[in-house]
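# Architecture and fold: a report
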Amino acid sequence: FSPGEIKSTAKGYMDGKGLLRSGFEIGSQEVFLVKKNGPALSKAISLSETSLARIDFFRGLKAEDDVIIPVLPQNPKKGLVELYYVGGSNFPKIKYTAWDFDFEKGETYPLRSINSSWEDIKNNRGFITYLQYQGSDSLESLNSLSLIDIYIRKIYLAYFDDENIQNFLQPIYVFEGDGKDESGQSVDISIYLPAIDQSWIEGQ
């Protein structure tokens, strides 16, 4: 099956179980083709070598003018809802973590300026949430890596979705880009930074 067909099947399965809710119904999905090498799993390059597929579900929050703001977990490439698919209607493994929020109830807080946020990023005050070599077949993010250059290509607003229960959704700035390690290899990187003006955060 194509990634589009796999995504449609997974959404239908979730919807049929009443699990496509709490922002997952308007969020995005990513399909990773997976191959098995003995007990190990890695990304597949083509459909012909694919053993199964992992579908990651991410939440979204509808803002004004029907703009969908992403709600991202600690690893922006790995959803709090994961389905493994092997064809037909078979999902041998499902991980489902979803804390309900009242999406109609919220407060307004000033955001910190993008200039001050950029200074924090330059001074290593952000939280690196994804780090991986470009072209890697690993399904997991690296724990650490020494980088000599980082190029930020994209900045956007999102909300943080923790795997542990939380009392509110916190707005964050997401910085995405790429860089090089000490040997010159290219990596992809994502960095989170709290987006609320620091004077409104307790303990600051």
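The following refers to the structure shown. Since this is a predicted model, take the numbers as computed values, not measurements.

About the cut-offs
- Residues numbered from 1 in each chain as written.
- Predicted model: local features only at pLDDT ≥ 70, side-chain atom pairs only at ≥ 80, totals over all residues.
- Heavy atoms only, no water.
- 1 Å grid on protein atoms, 1.4 Å probe; cavity = no way out; pocket = protein on both sides within 12 Å on 5 of 7 lines; lining within 4 Å.
- Points joined across faces, edges and corners; volume = space filled by probe spheres on them.
- Helix = DSSP H or I, 4+ residues; strand = E, 2+ residues; numbered from the N terminus.
- Nonpolar A, V, L, I, M, F, W, Y, C, P; charged D, E, K, R; others polar.
- Pairing = 2+ DSSP bridges.
- Axes fitted to C-alpha atoms, helices over the stretch in contact; angles between N-to-C directions.
- Core = buried A, V, L, I, M, F, W, Y, C linked by side-chain atoms within 4.5 Å.
- Buried < 20%, exposed > 50% of the residue type's maximum accessible area, 1.4 Å probe, protein only.
- Contact = heavy atoms within 4.5 Å.
- Expected span 1.5 Å × (residues − 1).
- Polar contact = N/O pair within 3.5 Å; in protein donor to acceptor, adjacent residues only side chain to side chain.
- Phe/Tyr/Trp six-rings, centres within 6.5 Å; stacked < 30°, edge-to-face > 60°.
- Lys NZ or Arg CZ within 6 Å of the ring centre and 35° of its normal.

If you add up the space inside the second largest pocket, you get close to 460 Å³. As for the second largest pocket, its lining consists of 23 residues, and the residues nearest its centre are Pro 73, Gln 74, Asn 75, Thr 129 and Phe 160. Elements that contribute at least two residues to the lining of the second largest pocket include exactly β8 (127-133), β10 (170-181) and β11 (186-194). Looking at the lining of the second largest pocket element by element, the count peaks at 4 residues for β8. Of the residues assigned to the lining of the second largest pocket, the class counts are 11 nonpolar, 7 polar and 5 charged.

Within the open sheet, the 5 strands sit side by side as β2-β1-β3-β6-β7. Their pairing is antiparallel. Edge positions in the sheet fall to β2 (40-43) and β7 (93-96), since each of these pairs with one other strand and no more. Put simply, the sheet's adjacent strands are angled 25° from each other on average, direction ignored. In this structure, strand β3 (residues 52-57) lies alongside strand β6 (residues 81-85), joined through 5 bridges in antiparallel fashion. Bridged to Ile 55 within β6 is Leu 83.

Before going further, it helps to spend a moment on the nonpolar core. The tendency in soluble globular proteins is for nonpolar side chains to be buried as a group. Ile 6, Ile 55, Phe 57 and Leu 83 are the most contacted members of the largest nonpolar core, which has 15 residues in total. Those elements giving two or more residues to this core turn out to be α1 (3-16), β1 (29-37), β3 and β6. Contact partners of Ile 6, with chain neighbours within four places excluded, come to Phe 1, Val 31, Leu 33, Ala 53, Ile 55 and Tyr 85. In this structure, Tyr 173, Phe 175, Val 187 and Ile 191 belong to the second largest nonpolar core, which totals 9 residues.

Residues spaced three or four apart along an α-helix face the same direction, because each turn holds 3.6 residues. Counted at 1.5 Å a residue, the expected span for α1 with its 14 residues is 20 Å, and the 20 Å between its end C-alpha atoms agrees. Residues of α1 that are buried make contact with β1, β3, β6 and β7. Residue Gly 18 follows α1 closely and has a positive phi angle near 75°.

Attention shifts here to the side chain of Lys 78. Looking at the secondary structure, you find Lys 78 in the loop between β5 (68-72) and β6. Separated by 3.0 Å, the side chains of Lys 78 and Glu 82 make a polar contact. If we ignore the near neighbours within four places in the chain, the residues touching Lys 78 are Arg 54, Asp 56, Phe 58, Pro 73 and Glu 140.

It is worth spelling out unusual backbone geometry at this point. Here the phi dihedral of Asp 65 falls at roughly 60°; this positive angle occurs in a residue that is not glycine. Here Asp 65 is to be found in the loop between β4 (59-62) and β5. Note on Asp 65: relative accessible area 74%, which makes it exposed. The phi torsion at Asp 66 lies on the positive side, around 60°, for a residue other than glycine. Structurally, Asp 66 can be placed in the loop between β4 and β5.

Within the structure shown, the criterion is met by 6 aromatic pairs. Judged by centre distance (5.1 Å) and plane angle (40°), the rings of Tyr 85 and Phe 91 are tilted. Here Tyr 85 and Phe 91 have matching classes, each one buried. These aromatic residues form a ring-pair network of at least three members: Phe 1, Tyr 13, Tyr 85 and Phe 91. Over the ring of Phe 32 we find Arg 54, and its NZ or CZ is 4.8 Å from the ring centre. Above the ring of Tyr 130, the side-chain terminus of Lys 77 is found at 5.6 Å from the ring centroid.

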